[in-house]
Structure formats: C-alpha cells, structure tokens
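For reference, the chains in residue letters:
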Amino acid sequence: VQLQASGGGLVQAGGSLMLSCAASGRTFSSYRMGWFRQAPGKEREFVAGISRSGGSSTWYADSVKGRFTISRDNAKNMVYLQMNSLTPGDTAVYYCSAVQNTNYFYTRSADYTYWGQGTLVTVSS
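Residues numbered from 1 in each chain as written. Predicted model: local features only at pLDDT ≥ 70, side-chain atom pairs only at ≥ 80, totals over all residues. Heavy atoms only, no water.

> Just to check I follow, could you spell out the pattern of salt bridges for this structure?
Side chains that carry opposite charge are capable of pairing whenever their charged atoms lie near each other. Tallied over the entire structure, the rule returns five salt bridges. For Asp90, the salt bridge goes to Arg67, with nearest N and O atoms at 2.8 Å. Placement of the pair is Asp90 in the loop between β8 (78-83) and β9 (92-100) and Arg67 in the loop between β6 (58-60) and β7 (68-73), with a sequence separation of 23 residues. For Asp90, a relative accessible area of 1% gives the class buried. What makes Arg67 buried here is its relative accessible area of 17%. We note a salt bridge from Asp111 to Arg108, for which the minimum N-O separation is 2.9 Å. What makes Asp111 buried here is its relative accessible area of 18%. A residue is classified by how much of its surface remains accessible, and Arg108, at 53% relative accessible area, is exposed. (Salt bridge = Lys/Arg side-chain N within 4 Å of Asp/Glu carboxyl O. Helix = DSSP H or I, 4+ residues; strand = E, 2+ residues; numbered from the N terminus. Buried < 20%, exposed > 50% of the residue type's maximum accessible area, 1.4 Å probe, protein only.)

The following block contains the structure:
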C-alpha cells in the first residue's frame, strides 16, 4: 500500500487541524493504521492507532489522549487525525503508517510496514 499524508500547516496554540492520509490499493481494510510524529532532534513517536474496521478500536499516546482523534473511512481508503487544543509541543512532522493483517495494538514504529512521506505541523505560541 502507498500512503500520502496531507493537511499539515501553521496553527496557533489552542487551535485545531485535521490531517488526512490517502491509501492506494484495494485491500485498505486489511491494514491497521497509525499516526506517528517526529519533532526536530527527537525520535519518531507514536501518536494514535486504529483497527482495521475502525470504530471504537483506537489507541493513543498519553500525550494526545483527549485532544486527538483518529478515524478511517474504508470506502474512501482514508485515515484521519483530528487534532484539537494544539500546543507548541505538538510541532512535528506527522506520518501515517500501516501494518497488514494483525490484531495487535502496535505503538512502535518498527512494527509498521508502510509509511507516508510526512506532513509538517507547526504550532505557534
């Protein structure tokens, strides 16, 4: 599967932004999807994940729980990350990722097989 992330930009602290990730291929529903981010000088870190069917089967990093929401639309081959109450600490390049045919709640980047190119989110204070 090929992934294309979009929707990044500059936003003020307290604002909101929605990231989108478009996936190619006809087997999108067989992939668990994840969002990761990487700030300058830091390692890539897990943000959110969603099961193959979506719905309530989602999991989040503690740092974004209650502020970010991951969702997917299998009919459109899309996954989204709604980000609210943004802070300068959320500034990073955000990546969408995919792993096929698993039921595990992966949070390590090494567990995901496919990656998009990243989209930059900058939160100003």
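Moving on from the coordinates now.
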